[in-house]
Amino acid sequence: MFRKSPISSCSNGSYPQGQSKLPSTYDIKVEPGDKVVLKKKITLLRGVSIITGTIIGAGIFISPKGILQNTGTVGMSLIVWTVCGILSLFGALCYAELGTSIKKSGGHYTYILEAFGPLPAFVRVWVELLIIRPAATAVISLAFGHYILEPFFIQCEIPDLAVKLITAVGITVVMVLNSMSVSWSARLQIFLTFCKLVAILIIIVPGVMQLIRGETEHFKDAFFGNLASVKGLPLAFYSGMYAYSGWFYLNFVTEEVENPERNVPLAICSSMVIVTLGYVLTNVAYFTTLSPEDMLTSKAVAVTFSERLLGNFSLAVPIFVALSCFGSMNGGIFAVSRMFYVASREGHLPEILSMIHVRKHTPLPAVIVLHPLTMIMLFTSDLYSLLNFLSFARWLFIGLAVAGMIYLRYKRPDMPRPFKVPLFIPALFSFTCLFMVALSLYADPVNTGIGFAITMTGVPAYYLFIIWDKKPAWFRQCLDKITSTLQIILEVVPTEENPDL
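Thresholds, definitions, all that
Residues numbered from 1 in each chain as written. Predicted model: local features only at pLDDT ≥ 70, side-chain atom pairs only at ≥ 80, totals over all residues. Heavy atoms only, no water. UniProt positions renumbered as here; feature names shortened; annotations may be inferred. Helix = DSSP H or I, 4+ residues; strand = E, 2+ residues; numbered from the N terminus. Buried < 20%, exposed > 50% of the residue type's maximum accessible area, 1.4 Å probe, protein only. Contact = heavy atoms within 4.5 Å. Core = buried A, V, L, I, M, F, W, Y, C linked by side-chain atoms within 4.5 Å. pLDDT = per-residue confidence, 0-100. Axes fitted to C-alpha atoms, helices over the stretch in contact; angles between N-to-C directions. Nonpolar A, V, L, I, M, F, W, Y, C, P; charged D, E, K, R; others polar. Expected span 1.5 Å × (residues − 1). Bend = angle between axes of the 7 residues up to and from the residue. Salt bridge = Lys/Arg side-chain N within 4 Å of Asp/Glu carboxyl O.

Looking at an unreviewed UniProt entry, one finds the protein chain named Cystine/glutamate transporter and attributed to Naja naja. On record in UniProt, under Subunit (unreviewed entry), the comment for the protein chain is "Disulfide-linked heterodimer with the amino acid transport protein SLC3A2/4F2hc; this interaction mediates cell membrane localization."

Participant: What am I meant to see in the overall build of the protein chain here?
Facilitator: If you tally the helices and strands in the protein chain, you get 20 helices and 2 strands. For the protein chain, the proportion of its 501 residues judged to be buried stands at 54%. Within the protein chain, contacts between residues at least 6 apart in sequence are counted, and of these 82% link residues at least 24 apart.

Participant: Would you explain the nonpolar core in this entry?
Facilitator: Soluble globular proteins: nonpolar side chains tend toward being buried together. Core analysis: the biggest nonpolar cluster contains 138 residues, and F61, Y95, W247, L250, F340 and W395 have the highest contact counts within it. Looking at this core, the element that brings in the most residues is helix α13 (residues 317–345), giving 16 residues. Leaving out residues up to four positions away in the same chain, Y95 has contacts with H108, Y111, W247, F248, N251, I268, I398, A401 and V402.

Participant: Please clarify how the confidence of the model for the protein chain should be interpreted in this entry.
Facilitator: Detailed reading of the predicted model is not advised wherever pLDDT is low. Model confidence for the protein chain is summarised by a mean pLDDT of 84, while 88% of its residues fall at 70 or above. Of all secondary-structure elements in the protein chain, the lowest mean pLDDT belongs to helix α2 (residues 59–62), at 79, while helix α5 (residues 108–116) reaches the highest, 94. Low pLDDT (under 50) marks residues 3–26, which in the prediction has 42 contacts with non-local residues, meaning those over four places away or in another chain.

Participant: What am I meant to see in the packing of α5 against α13 here?
Facilitator: What describes two packed helices is the angle between their axes and the distance between those same axes. Packing of α5 against α13 leaves a shortest axis separation of 9 Å and a crossing angle of 35°. Residue-level contacts link H108, Y109 and T110 of α5 to M339, V342 and A343 of α13. Along the lines of polarity and charge, the residues of the contact of α5 with α13 split into 4 nonpolar, 2 polar and no charged.

Participant: Sorry, what's going on with helix α10 (residues 260–289) here?
Facilitator: With 30 residues, α10 extends 43 Å from end C-alpha to end C-alpha; this agrees with the ideal 44 Å at 1.5 Å per step. Most of α10 is tucked away: 21 of the 30 residues are buried.

Participant: What is the right way to look at helix α6 (residues 118–149) in this model?
Facilitator: It helps to recall that an α-helix has 3.6 residues per turn; residues three or four apart then point in one direction. The end-to-end C-alpha distance of α6, which contains 32 residues, comes to 44 Å, matching closely the 46 Å that a straight helix rising 1.5 Å per residue would cover. Its maximal kink placed at E128, α6 deviates by approximately 55°. Burial analysis of α6 places 24 of its 32 residues in the buried class, which makes it a mostly covered element.

Participant: Explain the pattern of salt bridges here, please?
Facilitator: Close approach of charged atoms allows side chains of opposite charge to pair. Inspection of every chain in the model, using the stated rule, returns 13 salt bridges. With its nearest N and O atoms 3.2 Å apart, the salt bridge here joins R133 to E128. Taken as a pair, R133 and E128 share a single burial class, namely buried. With a closest N to O distance of 2.8 Å, R359 and E491 form a salt bridge. Of the two residues, R359 is situated in the loop between β1 (355–357) and α14 (364–368) and E491 in the loop between α20 (473–490) and β2 (492–494); the sequence distance between them amounts to 132 residues. What emerges from the salt-bridge pattern is a single network uniting K104, E114, E346 and R412.

Following this line, the structure appears as structure tokens:
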């Protein structure tokens, strides 16, 4: 375990007995009566915006063809979009039960820790911190950088350096905002979610008008044509489930949700209905104007669609796509930083990450720890390969968390469960997750094997950093010095005990 730092969050600015006081110019003072905790500022509307705004990224606007190319027909692709939405709703319902019965933030990490113990939970947060989250943030940020610049480079190719520079600025802005204010980052998320829904309506409304005019050519014989192989259908479901992933993000911030017994289930269910209807109707709208061949060859389906139907107004579409990406960046960083905060509080990450700014009441260190890692990923050429290596890990741990919910039903039957789902729902969903992991092994054993090896580096790291308690004195002193120095620079202190946990 990481040792406690010498600076405390005593409400009167004093220090625990027996510890030396730092120079007065570096005192970290907390206002009397002002508890240093993460405040409950996530309302129902903000909860819906976190989930909806994080799920809807660039994919539905740029390349929703993964399902089409693996199903082969318009009708089957729409069915897969719908079924994936329902399966994702099942997973979201399971997380609604977990979030109302285990009222700690941290999402997957916390639920695996509660059900199966510290080792698998540590492996989950290890791979998330070092690779998955920085790489995923860099990918969605690059899409933001590309589309925010597209209106300025209509006649020529956008320079790669310009994309990366504007991307770096975007990442920095999001992290600064999340470091400064929970309220403002939540308000921005509401605005960006509204922009996403407007962007989807810009596609759906003309599509409905096309249907009214009788433009149904591409829906005729919707289940006949170039049928994909049997192998393609599971891959289509894999693409669809990936497109819906993000329904779990509210569970990362459970401790900050007002009235979680009511708002967590309501936010999750409302968000999944909105996203599923939006995704299915958007694809229907695409097919009113674009043939399957058009969709498969388009680099940005929403842009191609809008150019054919909206004329000059199509120039606004890249801006909406950029705002959509920015919303996913903001929601992802806001939520996942809480996983690192909780893991640090449990002793699985350096203690500095569990500290809170004395005035802003934000987990400042847990937010900014992603910045240097994301910048490294941003300028890594094999960024997409890293994500491909580790895509199976997301579903493995989500499936493990849902299986843990079934296990807790029997291990802890007396646990309060304000929201409870029928047992077949977690059973079906955990099977779906394990099926997708098996599919990864079957479809791409080399990359999946590499990803598995990267994930398993968390096991020796756990024994080295967490279990081994006979570390050299110089190492402990160095760690304490770094922690106290960072506390002074960042003005952060350990959080006070939350009586609700």
